[in-house]
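The chain contents come next:
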Amino acid sequence: MASTIKPPGKLAAKKHPLLLACIPPVTVITVLLAVWEAAVSWGSLPGRDIPSPSRILESAVLNWDSLSYAAYITASEAVAGFAIAIIAGILGGVGLYTSKILYSALFPLLAGAQALPLITIAPLFVIWFGYEPPGKAVLVAIFSIFPIAVQTCRGLMAVPQYFSDVALTCGATRSWALWHVQMRVAARQIFSGIRISATYIFITATTAEYVGARAGIGIWIQSAYVSRQSPMVFAATFVILILTGIILSIIAAVEWLALGPPGSDSID
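As a convention, each chain's residues are numbered from 1 in the sequence order in which they are written. For a predicted model such as this one, the threshold for reporting local features is a pLDDT of at least 70, and the threshold for listing and counting side-chain atom pairs is 80 or more; totals across whole chains, interfaces and linings nevertheless cover every residue. Excluding hydrogens and water, the side-chain values take into account all heavy atoms of the structure.

With an unreviewed UniProt entry as reference, the protein chain is termed ABC transmembrane type-1 domain-containing protein, source organism Scardovia wiggsiae F0424. UniProt lists a comment for the protein chain under the heading Sequence similarities (unreviewed entry), and it reads "Belongs to the binding-protein-dependent transport system permease family." UniProt positions are given in the numbering used here, feature names are shortened, and annotations may be inferred rather than shown by experiment.

(A) Main features of the environment of V150. Helix numbers and strand numbers start at the N terminus; a helix is a DSSP run of H or I with at least 4 residues, a strand a run of E with at least 2. You can see V150 is positioned in helix α7 (residues 133-157). Here the alpha-carbon distance between V150 and I190, two residues 40 residues apart in the chain, equals 8.7 Å.

(B) Representation of the UniProt feature "transmembrane region" (unreviewed entry) in the protein chain within the structure. The feature "transmembrane region" (unreviewed entry), as given by UniProt, occupies residues 18-36, 69-97, 109-131, 137-157 and 233-259 in the numbering adopted here. Between the C-alpha atoms that bound residues 69-97 there is a distance of 42 Å. The span itself is 100% helix and 0% strand. Strand forms 0% of residues 137-157 and helix 100%; the C-alpha atoms that close the span are 30 Å apart.

(C) Broad picture of unusual backbone geometry. Positive phi is not limited to glycine here, since R228 has a value of about 60 degrees. With respect to the element layout, R228 can be found in the loop between α12 (217-226) and α13 (230-259). On the basis of relative accessible area, R228 is assigned to the exposed category, the value being 65%. Here the term buried applies to any residue with accessible area under 20% of the maximum for its type, exposed to any over 50%, and partly exposed to those in between, with areas from a 1.4 Å probe on protein chains only.

(D) How the structure looks around the packing of aromatic side chains. Pairing of aromatic rings covers Phe, Tyr and Trp, the last through its six-membered ring, and needs centres within 6.5 Å; plane angles under 30 degrees mean stacked, over 60 mean edge-to-face, and all others mean tilted. On inspection of all chains with the given rule, the structure shows 6 aromatic pairs. Ring geometry for F125 against F129: centres 5.7 Å apart, planes inclined by 10 degrees, an arrangement best described as stacked. Of the two residues, F125 and F129 are both situated in helix α6 (residues 118-129); the distance of 4 residues between them amounts to about one turn of the helix. Given a relative accessible area of 8%, F125 falls into the buried group. Residue classification places F129 among the partly exposed positions, given a relative accessible area of 38%.

Right, dumping it as structure tokens:
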């Protein structure tokens, strides 16, 4: 029997999929930073208003103690609110799926809450909760629930009927079939909603802090803006991007461990 020889590239791709997936974005980011640095050095960009990456890094290092503390406060608020949103969003999505009355009553409210501008709601939470972190966490949760609830509901709706029929035929209850069969099949789409929400949690927390807080990246940016320190503003922005990348990587890792690599399962 003739053996099939696989190309070396395909073998490497299977052994190191995550490494290969990181190469394109890392390359693009490196090139952009190099072009940015060169443009500022050559005078093509105003260095006072748009500092070079090296100057931004220097500013972050010099102010690391205050910046890291601000990042800790913002991350705590965002992660706490995100955890609440995941639990409430999944339960809400299941409720929307199982009850047509609940779907008709709550879906417009969830959509309306998502459409409200954050800047108009944040001052109310300052009035209600004061300048403390819990108010920011609640605000993050409110603005993160909608994508998770919607994707959970849509994922369950997309599950073919025969999955639950087989479970019921084997003696399972409808509740058991929902939580152990249908939720498993819909898990990919649920994770999709979680990823969508995760993209905005640190931005939401930072904006809420900017409106009113005692500490956090929002206050740090406000202080940098007042003192006209553009490198500090850029440094805080990069910290938000890094935090977002970390939380998205954690979600991807959890999905990989729980469900396997994307494309490894199918509902057809």
